[in-house]
Amino acid sequence: MPPETSPCHPSVTPTRQLLPREPPGSQARQHQPPRHQYHYRGGTKPMTIPKTKLILVLVFSLSGISILRLLKISAISSFSSPLAAAWPRNRLSPLKSQPFPSTTATPLTEKEFHLLSNLISLKAPCNLLVFGLEQPYINLSRINSGGNTVFLEDNPEKMKTIKRNSNHTRIYRVAYETRARDAYKLLKHARKNPACGMYSGSLRQSNCSLALTKLPKEVYKRKWDVVVVDGPRGDTEDAPGRMAAIYTASVIARNGNMTDVVVHDVDRIIERWFAWEFLCDENLVYSKGKLWGFRIAGNSKSTSFCAAKTILIE
């Protein structure tokens, strides 16, 4: 028996509504927000990075790169010679172009004396030659017990107040004929005159204007293990400069076996330039304060003082 139908609800035959077919996966994309968007109340909004943040990121990146480059440069320069940083690379010599610096000779500092005392302790007993006479150097002669210590001084007042401390210590008075104002002229002379070269004969009979030819005979005969240049004072134009002392020390060192030459007051222009010229960058082995220490092998076959010449003087 057919079912009863309510007169209030006529029978309706269901129909299927045909809709256009959507491509696969469209529903999934319909529920995903577009890239670079985020949800907020009321809809979605494209995500943007503020300009201030971009600027900060760029600044920090560039700063990091700069710091790395500085570290690299400092690491490289730490292995380079302090002499190389001390010299200008132009053709105008400061010995000529700059006014003479009235820098007084300074006494040894505690650290400088400590370096020298360690050096003498390692070599003692040795032959120690010192251009200049100061009380700390007398203490070095005590460390050099059993060795020979010779001081060369041009100031008679110092010779009166500072006394030798043993029979192995001798103090001689010397005279310097060159003046600090002549440093530039003397350096040009040494470069052009063959008599100032490496193998120009006996130092006592040298025709080089920088050679000290009137020192005690002991200075020329003995092979010196350490030579210290801290005299003459060279603090004014008319004062005797250390040009001849540095040149003579370099020749003495090359006539020895293995000699340490120590130059004090290298903050002054004459000491720097003449140490550079005759003791050479490649021989620099230590420095402390205003001290430069060079180690020079004797009996070298080289025909010039230094391996390379990079500073030119007109």
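Note that this is a predicted model, so its numbers are computed, not measured.

A. Expanded view of the overall build of the chain. Counting secondary structure elements, the chain contains 11 helices and nine strands. Each of the 314 residues in the chain was classed as buried or not, and the buried ones make up 39%. Taking as baseline every contact in the chain between residues at least 6 positions apart, the subset at least 24 positions apart corresponds to 67%. In the structure as shown, the chain presents an accessible area of about 19700 Å², 56% of it carried by carbon and sulfur atoms.

B. Focus on the state of the cysteines. If you walk through the whole model with that rule in mind, you get two disulfides. Across a sulfur-sulfur distance of 2.0 Å, cysteine 196 and cysteine 208 are joined as a disulfide pair. Note on the cysteine 196 and cysteine 208 pair: the S-S dihedral is about 100 degrees, so by sign convention the disulfide is right-handed. Of this pair, cysteine 196 sits in the loop between helix 8 (183-192) and helix 9 (217-221) while cysteine 208 sits in the loop between helix 8 and helix 9; the two residues are 12 residues apart in sequence, bridging distant segments of the chain. The burial state of cysteine 196 is the same as that of cysteine 208; both residues are buried. Bridging cysteine 280 to cysteine 306, the disulfide has an S-S length of 2.0 Å. The S-S bond linking cysteine 280 to cysteine 306 shows a torsion near -85 degrees; that makes this disulfide left-handed.

C. Representation of a nonpolar patch on the surface within the structure. The grouping of Leu58, Leu62 and Ile65 at the surface amounts to a nonpolar patch, some 300 Å² of accessible area in total. Among the secondary structure elements, leucine 62 is positioned in helix 2 (residues 51-77). Using a relative accessible area of 48% as the deciding quantity, one classes leucine 62 as partly exposed.

D. Quick peek at unusual backbone geometry. Residue proline 125 follows alanine 124 across a cis peptide bond; omega there is -10 degrees. Relative to the assigned elements, proline 125 resides in the loop between helix 5 (110-123) and strand 3 (127-131). Proline 232 follows glycine 231 through a cis peptide bond whose omega is 0 degrees. Among the structural elements, proline 232 can be located in the loop between strand 6 (226-229) and helix 10 (243-254). The backbone phi angle of cysteine 280 is positive, close to 80 degrees, even though this residue is not glycine. Along the chain, the position of cysteine 280 falls in the loop between helix 11 (269-278) and strand 8 (284-288).

Here is what the cut-offs are and how they apply
- Residues numbered from 1 in each chain as written.
- Predicted model: local features only at pLDDT ≥ 70, side-chain atom pairs only at ≥ 80, totals over all residues.
- Heavy atoms only, no water.
- Helix = DSSP H or I, 4+ residues; strand = E, 2+ residues; numbered from the N terminus.
- Buried < 20%, exposed > 50% of the residue type's maximum accessible area, 1.4 Å probe, protein only.
- Contact = heavy atoms within 4.5 Å.
- Areas by Shrake-Rupley, 256 points an atom, 1.4 Å probe, with all protein chains shown as cover.
- Disulfide = S-S within 2.5 Å.
- Patch = residues over 30% accessible without salt bridge, like charges linked within 9 Å, V, L, I, M, F, W, Y side chains within 5 Å.
- Salt bridge = Lys/Arg side-chain N within 4 Å of Asp/Glu carboxyl O.

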